[in-house]
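What the coordinates show
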Amino acid sequence: MDVTLRVWRQDGPNRPGAFEEYFAPGISSHASFLEMLDIVNDRLTLDNREPIAFEHDCREGICGACGMMINGQAHGPQQGTATCQLHMRKFRDGAVIIIEPWRAAGFPVLKDLVVDRSAFDRIVEAGGYITVDTGSAPDANLVPIAQEAAEASMDAAVCIGCGACVAACPNSAAQLFTAAKLAHLNLLPQGQAERYIRAEAMVDTMESFFGSCTNHAECEEACPKNISIDFIALLNRDYIKAKWRNGRLAAQR
Amino acid sequence: MATTEEAPTRRRYPWPIEFYRSAVGKKWVMALTGIALLGFVVAHMIGNLKVYFGPEDFNHYGEALRDLGGDLVPRTSLLWALRIGLLGAALLHVHAAYSLTYTNWKARGGRYRQRDYVAVTYASRSMRFTGTVVLFFIVFHLADLTWGTAPVAPDEFFRGDVYANLVASFERLPVAILYIVANLALGVHIYHGTWSLFQSLGYSHPRFNRWRKGLAAGLTAAIVLVNLSFPIAVQVGILEI
């Protein structure tokens, strides 16, 4: 199949960028979206032109490295998958495909389709840890966990940190990512010791980079892991409790 | 020489203020004040239905509002307490909206060349617009039927004759159209607000989430239909002096 790409090209951070058009004939409909980009890049390299920079790693939807805005949708038109799991058969022959990087002030563009997502690392650093005993390894299954709690926690823990939620949000809010990382630990017994310190620290860090949630639910649709915005409600609940409790704890010092 | 510098600790304010400083806190405040304002809209709508009982009943209802609390409190004191509470809720609601809008515009990293939204509704995207329309409408509405400020109020405005004022005002076609447009904007605003406030307050659960859309739609339909009926009833001559 033949497709035409309109791709955002940008030399580096804080440099002006523009769309460039590439005609890509003879692409197999079995190719994944990233394989299609590989083919285009091979041809560009043979032409002595700069290949399109994009992030990728596992190519099986579990690492969260790849991600781009494809025809106005994060990770493209297919629901519940990352860009690497999108195949060219989802596009018709002769299609024009517009490819853009994630756009958010918290995700500055580094080059072409690559954005700096280290704001996510700052959020995880703020509270994505638990206290454990050091020394010899504990027995497995030492802490009893209700099946429901484990399942709910896993539904949050599937987050791969790709950034599609921020990219899809009209407010560039990172609520779904933060809620997933927070709920993942706050729903488990191991996460209880720092539960409210975590809620306050992660949300406050998030708000220093990103916008605020206005409940459009666009993130839920964009998420390659189908994480529910119900976790954002959990974040809202835990955050108000955290402000109350942590304020009282500060008064005891 | 090693120096041990203490991290600068910001003064911690009482927790409601600390909470309001955050965007999540502002959304809580928007939801709570939204409930208060929504409660007013519903009560106002139900009270106004008395206009269909005729001038005496309706004017009596207006007087009864001033007599709220009966002989237990000074006359109009309870009404003023409600008004001040409502004004406070409205100011907080608008301030939080203004502040969050500024935050969100700053957080944007430029526009996409193409963006296909999947989940957003017209209501959720237009909250800032419909909210502004409603805000200006409230000022107009107060000038028209509460304060009787010329030239907004009808020439025949007479303080206390609520029924005649309403009919005289809505007999002016441009004013009737303005009320209809403003109440449609209010309906769109309430639709997203009613659905959204549960999420902001942390009440989101698959068990009752399907109710939320129904509640939002039902409440919106009731408020819009009843509120639109007043200017239309005056225009077609069902309500007249």
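The residue numbering used here restarts from 1 in each chain and proceeds along that chain's sequence as written. In the order they appear in the text, chains get letters beginning with A and ligands get numbers beginning with 1. In view of the model being predicted, local features appear only for residues whose pLDDT reaches at least 70, and side-chain atom pairs are presented and counted only at 80 or more, with totals across whole chains, interfaces and linings using the full set of residues.

Let's shift gears to the overall build of chain B. Each helix is a run of H or I in the DSSP string that is no shorter than four residues. Each strand is a run of E no shorter than two, and both are numbered from the N terminus. Each helix and strand counted, chain B has nine helices and zero strands in total. When the helices and strands of chain B are read in sequence order from the N terminus, they spell out α-α-α-α-α-α-α-α-α. Each radius of gyration is computed over the set of C-alpha atoms, and the globule rule expresses the reference value as 2.2 Å times the number of residues to the power 0.38. What you see for chain B is a C-alpha radius of gyration of 22 Å, clearly larger than the 18 Å of a compact globule of 241 residues, by over 25%. Its C-alpha atoms put chain B at 90 × 50 × 40 Å along the principal axes. When each of the 241 residues of chain B is scored for burial, the buried share is 27%. Of all intrachain contacts in chain B linking residues separated by at least 6 positions in sequence, the fraction that spans at least 24 positions is 68%. Each residue is classed by its C-beta neighbour count within 10 Å, where at least 20 other C-beta atoms makes it buried, 12 or fewer makes it exposed, and intermediate counts make it partly exposed; the C-beta atoms are placed from backbone geometry. C-beta atoms are placed from the backbone for every residue, and two residues are taken to be in contact when these atoms lie within 7 Å.

All right, on to the overall build of chain A then. A tally of regular secondary structure across chain A gives eight helices and seven strands. Viewed in the frame of its principal axes, chain A has a C-alpha envelope of about 65 × 40 × 35 Å. Buried positions account for 44% of the 253 residues belonging to chain A. Considering only contacts in chain A between residues 6 or more positions apart, those separated by 24 or more positions represent 70%.

With omega at 0°, the peptide bond leading from Ala150(B) into Pro151(B) counts as cis. With a phi close to 65°, His75(A) is a non-glycine residue in the positive phi region. Position of His75(A) among the secondary structure elements: in the loop between strand 4 (73–74) and strand 5 (96–100). Of the residues examined, His75(A) has 27 C-beta atoms within 10 Å and is grouped as buried. In this structure, Thr76(B) is a non-glycine residue whose phi angle is positive, near 65°. Its place among the elements puts Thr76(B) in the loop between helix 3 (55–66) and helix 4 (77–107).

Residue and element names in this part refer to chain A. For every domain, the bounds stem from an assignment made automatically or drawn from a database. Each domain of chain A was delimited in the assignment, giving domain 1 (3–110) and domain 2 (118–132 + 142–251). Its C-alpha centre places domain 1 at a distance of 29 Å from the equivalent point of domain 2. Contact with domain 1, which involves 18 residues of that partner, is made by 17 residues of domain 2. Residues are grouped as follows: Ala, Val, Leu, Ile, Met, Phe, Trp, Tyr, Cys and Pro are nonpolar; Asp, Glu, Lys and Arg are charged; all remaining types, including Gly, are polar. Here the side of domain 1 that touches domain 2 is built from residues that sort into nine nonpolar, eight polar and one charged.

Let us look at the interface of chain A and chain B. Each side of the interface is counted separately: chain A has 42 residues, and chain B has 37 residues. When contributions to the side of chain A that touches chain B are tallied by element, the ones reaching two or more residues are strand 5, helix 6 (195–207), helix 7 (218–222) and helix 8 (230–251) of chain A. Counting residues per element, the side of chain A that touches chain B draws most heavily on helix 8 of chain A, at 12 residues. Partitioning the side of chain A that touches chain B into residue classes produces 19 nonpolar, 13 polar and 10 charged.

Here the focus is the pairing of strand 2 (residues 17–24) of chain A. Pairing between strands is defined by DSSP: at least two bridges between them are needed. Pairing between strand 1 (residues 3–10) of chain A and strand 2 of chain A: eight bridges, direction antiparallel. Each bridged residue has a counterpart across the sheet, and for Thr4(A) the counterpart in strand 2 of chain A is Phe23(A).

Another point: the nonpolar core. Defined on buried residues, the nonpolar core groups Ala, Val, Leu, Ile, Met, Phe, Trp, Tyr and Cys residues joined through C-beta atoms within 7 Å. If you look at the biggest cluster of nonpolar residues, it comprises 82 residues, and the most contacted ones within it are Cys165(A), Val166(A), Leu176(A) and Phe231(A). For this core, the two domains that each supply at least three residues are domain 1 (3–110) and domain 2 (118–132 + 142–251) of chain A. Ignoring sequence-local partners within four residues, the contact set of Leu176(A) consists of Cys165(A), Cys219(A), Glu220(A), Cys223(A), Ile227(A), Ile229(A) and Ile232(A). With 12 residues, the next largest nonpolar core counts Tyr163(B), Leu166(B), Tyr179(B) and Phe230(B) among its residues.

What follows is about the pairing of strand 1 of chain A. All names here are of chain A. Between the end of strand 1 and the start of strand 2, which pair antiparallel, lie six residues, with Asn-14 showing a positive phi angle near 55°. For strand 1 and strand 5, the ladder comprises four bridges, and the chain directions are parallel. If you follow Thr-4 over to strand 5, its bridge partner there is Val-96.

Read across the open sheet, the five strands follow the order 2-1-5-3-4 (chain A); overall the sheet is mixed. Either end of the sheet is taken by a strand with one partner, and the two such strands are strand 2 and strand 4 of chain A.

Okay, the packing of helix 5 (residues 175–186) of chain A against helix 8 of chain A next. Residues and elements named next belong to chain A. What counts as an axis is a line fitted to C-alpha atoms, over the stretch in contact for a helix, and the angles between N-to-C directions run from 0 to 180 degrees. Close contact between helix 5 and helix 8 brings their axes to 8 Å; oriented N to C, the two are set at 70°. Relative to helix 8, helix 5 is oriented roughly perpendicular. The segment helix 5 lies against helix 8, with Gln-175, Leu-176, Thr-178, Ala-179, Ala-180, Leu-182, Ala-183 and Asn-186 engaging Phe-231, Ile-232, Leu-234, Leu-235 and Asp-238. Each residue belonging to the contact of helix 5 with helix 8 can be placed in one class, and the counts come to nine nonpolar, three polar and one charged. Angular relationships are summarised with four words: roughly parallel below 35 degrees, roughly antiparallel beyond 145, roughly perpendicular across 65 to 115, and oblique for the angles in between.

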